[in-house]
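Residue strings, one per chain:
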Amino acid sequence: MEKNKIFLSHRHSDTQSDCHRIRETLQEEFGEDAVFLDIENLEPGIRFADAIDKALKESKVVLVAIGPDWFGDPDENGITRLFQPKDWVHREVSAALARPDTRVIPLLLKGASRPTADQLPEDLQELADLQTFEISITRWKYDLGVLVEALAKLIPRKKKPNPDPTPRPTPIPIPKPQKSWWGRNYLWVLGIFVVLIIIIISSEDFQQGYQEGSNDVNNDQTEQFNDEASQTDINTLREEVPIGNEVNSSIGSSESNGAVKNDVNGYWLLSDNQGNTSTLVFNQNKQDFEFIEYNVFNVAIGQGTGSINQNELSADYFNSLVQINGKLNLSSSPDGESWSGSIYFPDLETSSPVTIKRINP
């Protein structure tokens with residue numbers, strides 16, 4: 001008889017609702033027939049004791065769900081149900097511990113503590129020596145995911161159909177602004193203007209008039225300057241008019257720095273300090289954007305939306321592979337070709353440094 005099932009032992013008055021949620025997750029991963037939840041899996045007309053014995057023989061793992069009321073209510077003599085030999089939880093756990101080829105894992109639910117040997121009946125005291133696994137309500141998805149991965153080393157997972165590949169989003173084309181009439185024809189206008197200037201300057205009348213005018217102006221200015229200018233006037237003029245070096249310094253100080261690039265459209269390589277990498281495909285519309293994350297097998301494993309404020313990028317992120325939310329905060333390099341920062345997971349209360357670099361599609 002093949003042992004490839006999971007037996008979920010629990011007390012109805014203690015952890016029934018939690019065990020229903022656990023069973024649904026385990027059935028999704030290992031198949032509906034791979035999980036046995038006592039009376040809910042019984043066929044009509046079959047004795048309960050025979051069904052339990054058959055299920056335990058086919059089970060490779062027995063999960064013992066322990067909550068705050070796992071021991072059960074006491075009888076008129078003050079003896080709790082777990083210490084009564086006819087109690088079905090007692091019988092299930094005792095039979096599981098007696099099978100050397102069955103892995104027994106105590107599950108602590110609803111904040112329950114590990115029972116000690118002196119708190120258990122004699123044939124259940126071995127349970128106190130086994131490694132427990134806690135599933136907290138505040139970390140339900142994460143803890144249950146860790147349990148599934150541990151069980152997958154013992155129980156084969158059901159075959160799942162290959163999902164249809166997720167189409168990559170087409171980047172929104174950014175139309176180029178149309179040039180004005182001057183932007184399209186300014187070279188022709190400048191060319192015609194230069195030709196006209198050359199023709200005018202080359203004419204004999206212009207050359208003759210220029211020479212005569214220049215001589216008259218120079219003579220008048222020389223006479224006036226010699227008559228009226230004094231050394232005091234010259235010094236005052238030097239103080240009011242900056243010399244060449246001062247003009248150059250003033251011009252140089254007015255240069256402005258280039259703006260930081262903030263276009264993230266396209267493909268980016270994400271990496272963390274542990275060597276993990278994935279591909280992000282951004283689709284940007286002005287300051288807002290959305291992205292999809294692909295792993296090395298080109299399978300979509302996450303997505304997010306966010307916005308850019310100057311050289312700061314922030315986004316809400318969801319990893320569909322492990323069902324966990326995150327917050328991405330990055331700062332741009334001066335050339336806009338890489339961003340660095342961290343991703344924070346509120347459910348885990350942890351953060352990890354990450355870097356994204358632009359890559360060719």
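Residues numbered from 1 in each chain as written. Predicted model: local features only at pLDDT ≥ 70, side-chain atom pairs only at ≥ 80, totals over all residues. Heavy atoms only, no water.

Asker: Just give me the short version of the pairing of strand S13 (residues 350-359), but keep the residues and values in it.
Answerer: Where strand S6 (residues 266-272) and S13 come together, six bridges link them in antiparallel fashion. Directly across from Leu270, in S13, lies its bridge partner Ile356. As paired strands, strand S12 (residues 338-345) and S13 are joined by eight bridges and run antiparallel to one another. Counted as the bridge partner of Ser340 is Thr355 from S13. The hairpin turn running from S12 into S13, its antiparallel successor, is four residues long, and Glu349 in that turn takes a positive phi close to 55°. (Pairing = 2+ DSSP bridges. Helix = DSSP H or I, 4+ residues; strand = E, 2+ residues; numbered from the N terminus.)

Asker: Go over the sheet that holds S13, please, and point to the residues and values.
Answerer: Judged by pairing direction, the barrel is antiparallel, and its eight strands sit side by side in the order S6-S7-S8-S9-S10-S11-S12-S13 before closing back on the first. Neighbour-to-neighbour, the strand axes of this sheet turn through a mean angle of 30°, independent of strand direction. Relative to strand S10 (residues 312-319), strand S9 (residues 300-309) runs antiparallel, the two sharing eight bridges. Bridging from a neighbouring strand, Gly304 pairs with Tyr317 of S10. (Axes fitted to C-alpha atoms, helices over the stretch in contact; angles between N-to-C directions.)

Asker: Describe the pattern of salt bridges, and please don't skip the residues or the numbers.
Answerer: Within the structure shown, the criterion is met by twelve salt bridges. One salt bridge connects Arg99 with Asp53, and the closest N-O pair in it is separated by 3.3 Å. Note that Arg99 is positioned in the loop between helix H3 (88-97) and strand S4 (103-109) and Asp53 in helix H2 (residues 48-58), a separation of 46 residues in sequence. By relative accessible area, which is 33% here, Asp53 ends up partly exposed. Lys54 is the partner of Glu58 in a salt bridge, and the nearest nitrogen-oxygen pair spans 2.9 Å. Of this pair, Glu58 and Lys54 both sit in helix H2, separated by four residues, roughly a single helical turn. Residue Lys54 is classed as partly exposed on the basis of its relative accessible area, which comes to 47%. A network of salt bridges, in which partner residues are shared, links Lys5, Lys54 and Glu58. (Salt bridge = Lys/Arg side-chain N within 4 Å of Asp/Glu carboxyl O. Buried < 20%, exposed > 50% of the residue type's maximum accessible area, 1.4 Å probe, protein only.)

Asker: Which residues make up the environment of Thr80, and what are the values?
Answerer: Note that Thr80 resides in the loop between strand S3 (59-66) and H3. C-alpha of Thr80 to C-alpha of Trp70: the two residues are ten residues apart in sequence and 9.6 Å apart in space.

Asker: An account of H2 is needed here, citing residue identities and associated values.
Answerer: All buried positions along H2 are accounted for by Phe48, Ala51, Ile52, Ala55, Leu56 and Glu58. Projected onto a plane normal to the axis of H2, the buried residues spread over an arc of 165° and lie on a single side. Those residues of H2 hidden inside the fold are in contact with strand S1 (5-9), strand S2 (35-36), S3 and H3. (Arc of directions from axis to C-beta. Contact = heavy atoms within 4.5 Å.)

Asker: How would you explain unusual backbone geometry if you had to name every residue and give the values?
Answerer: In this structure, Lys110 takes a positive phi of about 55° despite not being glycine. Considering the arrangement of structural elements, one finds Lys110 in the loop between S4 and strand S5 (133-135). For Lys110, a relative accessible area of 45% puts it in the partly exposed group. One non-glycine residue with positive phi stands out, namely Glu349, at about 55°.

Asker: Provide a residue-level description of the confidence of the model for the protein chain, including the pertinent values.
Answerer: The predicted structure's coordinates, where accompanied by low pLDDT, should not be read in detail. In this model, the protein chain carries a mean pLDDT of 80, and residues with pLDDT of at least 70 account for 71%. Averaged over each element, pLDDT in the protein chain is lowest for helix H8 (residues 244-253) (40) and highest for S4 (95). Throughout residues 241-260 the model reports pLDDT below 50, and contacts reaching past four residues in sequence, or to other chains, amount to five contacts. (pLDDT = per-residue confidence, 0-100.)

Asker: I'd love a proper account of the layout of surface pockets, names of residues and values included.
Answerer: Of the pockets and cavities examined, the largest pocket occupies roughly 1500 Å³. Considering each element in turn, the lining of the largest pocket owes the most residues, eight residues, to helix H4 (residues 140-151). Of the residues in the lining of the largest pocket, the class split is 20 nonpolar, 15 polar and eleven charged. (1 Å grid on protein atoms, 1.4 Å probe; cavity = no way out; pocket = protein on both sides within 12 Å on 5 of 7 lines; lining within 4 Å. Points joined across faces, edges and corners; volume = space filled by probe spheres on them. Nonpolar A, V, L, I, M, F, W, Y, C, P; charged D, E, K, R; others polar.)

Asker: Help me get a handle on the sheet that holds S2, residues and values and all.
Answerer: An order of S2-S1-S3-S4-S5 is seen for the five strands of this open sheet, with the pairing classed as parallel. Two strands close off the open sheet at either side, each with one partner strand: S2 and S5. Relative to S4, S3 runs parallel, the two sharing six bridges. Bridge assignment links Val61 to a residue of S4, and that residue is Arg103. Lying over the sheet, helix H1 (residues 12-30) contacts S1, S2, S3, S4 and S5, oriented at roughly 150° with respect to S3. Packing of H3 onto the sheet brings it into contact with S1, S3 and S4, and relative to S1 it is tilted by some 140°.

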